[in-house]
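Report on the structure
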Amino acid sequence: LAGNDLELTLDTGAVVSIAPFGPSMSVSGTYVVGAGEASGDLNVTNAALAGAATLTDAPGNSASLALPVGGNLADNRAIVIDTAAPFITSITSGTANGTYGAGATIDVTVNFSENVTLAGNDLLVTLDTGAVVSIAPFGPAGSASGTYTVASGHTSADLDVTGIALVGAGASLVDDCDELLNPNDADLSLPAGQNLGDNKEIKIDGVAPTILSVTSTTDSGTYGTGANVNVRIEFSEDVILTGGTLNVTLSTGAVLNIPAFGPASQVDHTYAVTAGHTTSGAYLTVTNIALGSGASLTDDLDGNPNPMVDFSIPSLQNLDDLKEIKIDAVAPVIDSISSTTDNGTYGTGAAVNLTITFSKAVTLVGAGGMDVTLNSGATVNVPEFASSDTASVTYTVAAGHTTSGADLDVTNITLVGGATLRDSVPNNPNNADLSLPGSENLADNKDIIIDGAAPVIDSISSTTDNGTYGTGAAVNITITFSKAVTLVGAGGMDVTLNSGATVNVPEFASSDT
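Residues numbered from 1 in each chain as written. Predicted model: local features only at pLDDT ≥ 70, side-chain atom pairs only at ≥ 80, totals over all residues. Heavy atoms only, no water.

1. Concerning the side chain of aspartate 423
Defined as follows: Comment: elements are numbered from the N terminus, with helices defined as DSSP H or I runs of at least four residues and strands as E runs of at least two. When accessible area is computed with a 1.4 Å probe and restricted to protein chains, residues below 20% of their type maximum are described as buried, those above 50% as exposed, and intermediate ones as partly exposed. Counted as a polar contact is a pair of N or O atoms within 3.5 Å, where, for protein atoms, one must be capable of donating a hydrogen and the other of accepting one, and residues adjacent in sequence contribute only when both atoms are in side chains. Here, two residues are considered to be in contact whenever any of their heavy atoms come within 4.5 Å of each other.
Tracing the sequence through the fold places aspartate 423 in strand β32 (residues 420-423). The exposure class assigned to aspartate 423 is buried, which follows from its relative accessible area of 6%. A polar contact is formed between the side chain of aspartate 423 and the side chain of lysine 360, at a distance of 2.8 Å. In terms of polar contacts, aspartate 423 uses its side chain to reach the backbone amide nitrogen of valine 425, at 3.3 Å. In contact with aspartate 423, not counting residues within four places along its chain, are Asp328, Val330, Pro332, Lys360, Ala361, Val362, Pro429 and Asn430.

2. Focus: unusual backbone geometry
Residue proline 23 follows glycine 22 across a cis peptide bond; omega there is 0°. Glycine 139 connects to proline 140 through a cis peptide bond whose omega is 0°. Mapping proline 140 onto the fold places it in strand β11 (residues 138-149). A positive phi is found at asparagine 304, a non-glycine position, where the angle reads about 50°. Looking at the secondary structure, you find asparagine 304 in the loop between β23 (296-299) and α3 (319-322). We note that asparagine 428 has phi near 55°; this positive angle belongs to a residue other than glycine. Inspection of the secondary structure puts asparagine 428 in the loop between β32 and α4 (442-445).

3. Section: a negative patch on the surface
In plain terms, the rule: Exposure above 30% relative accessible area and the lack of any salt bridge qualify a residue for a patch; like charges then connect within 9 Å, and the nonpolar side chains Val, Leu, Ile, Met, Phe, Trp and Tyr within 5 Å. Per-residue and other accessible areas follow the Shrake-Rupley method at a 1.4 Å probe size, with only the shown protein chains counted as cover for residues. Basic side-chain nitrogens of Lys or Arg form a salt bridge, by our definition, when they fall within 4 Å of a carboxyl oxygen of Asp or Glu. Note that His is not counted, nor are the chain ends; the positive residues are Lys and Arg, and the negative ones are Asp and Glu. To locate a charge, the coordinates of NZ of Lys, CZ of Arg, CG of Asp or CD of Glu are taken.
On the surface, a cluster of negative charge is made up of Asp128, Asp158, Asp198 and Glu201. Structurally, aspartate 198 is set in helix α2 (residues 196-199). Residue aspartate 198 is classed as partly exposed on the basis of its relative accessible area of 48%.

4. So, the packing of aromatic side chains
Filter applied, for reference: We call Phe, Tyr and Trp rings a pair once their centres come within 6.5 Å, taking the six-membered ring for Trp, and we label the pair stacked below 30 degrees between planes, edge-to-face above 60, and tilted otherwise.
For the structure shown, the criterion picks out two aromatic pairs. For the pair phenylalanine 235 and phenylalanine 261, a centre-to-centre distance of 6.2 Å together with 25° between the ring planes defines the contact as stacked. You can see phenylalanine 235 sitting in strand β18 (residues 228-242) and its partner phenylalanine 261 sitting in strand β21 (residues 261-272), a full 26 residues away along the chain. Like phenylalanine 261, phenylalanine 235 is buried.

So this is what it looks like as structure tokens:
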């Protein structure tokens, strides 16, 4: 070959130029594969001399450049030219569509345009939740998968891949060419319209449900024994309670055991006010919320629902922040029984005051009123009265009434004819407890004695000896009474005898004879 190059055109479109040589029966040139060139079986499509080149044998005969039938490059060798970089055709998942919570495992599969091999380090797939899925070296293979484990706090409306990259300088992801024949590096661009979010409907909700507020549908006000008060808990999302109860402790000491429910974003329960419960003038509030034994409260997800772990109530969102409900189921009791009447002994016709003091204001309703039984044998009726913490009545001593020397005391108090004695709680007022106060009864507070029994003549006798007496004789007459008496008045007391005589007893001081 002289004068210029021999040019061999390949089916990739490339031209291999062979410089002048010879004499020789064979010659070689080098084909440097260019970007974008491809051939399923590399072949020469044309041989030609450049410019004024000549290719002759020793005698000077010009060589024929016709390509040899059955002896071309493709006939003798199997060389494939592939300069197209492998690329990602799609990203999908073998995990079913649905919503998944913390701890759920989700498959992430990356599909390539041809078999590729990952070597030297991991392939990192970054998700829109912020998580990174690591795929270990593999291949040759047309797809690769990794597992995404949902962490607490992760969230995505439609799980998607935001980036794919190799780890470190030593990592490679190439197509299935012999490593010594310049394999092509994979293009890790995300496939438009074929990302994970395009192919699957997988939602991520790794956020545990919380309590938004505790309120009530019951009107603000004060409620007594037997009242029903609604307690409503509102959650950040739909939740399901299973396996036990949700226990809500109120400031009255009551515990509401809410049974299984859901899915729902709120739950209502009725607090039945029990005798003795009270908020002591404050508004009803919740002091604690906790799960009962064996109970589980989770959100409503298809896979790995998130358990509620924080049962705290947000600031200014408790029951007492949102409603003004007071509980007063403490029955009024008798604190004391006394009298405004001075200490002393009182007989028939005397007026003795009785004052009953209650622990709080009460109202007596009903024509029958309230009977107060005394140890003198009397029963005094207290008529209806409006809201007051005391009730006063006058006891008029009747003939025959007596405390037999003891202090006047109350032995029983009862309501008569359907009468009621209740406190002023607007909703379900509490019935008064009419038990007598242990150390605050009338006899504990006052020294009043009742003696309405009239003195009688126990006997009439004489200190004079038995015998017969004539004119001028002095015969003693002694009258003995059942108790000491006093005779007042100048007229005295006449004693008529069967002898026809009348003897006058003059005034005398207290004496039983």
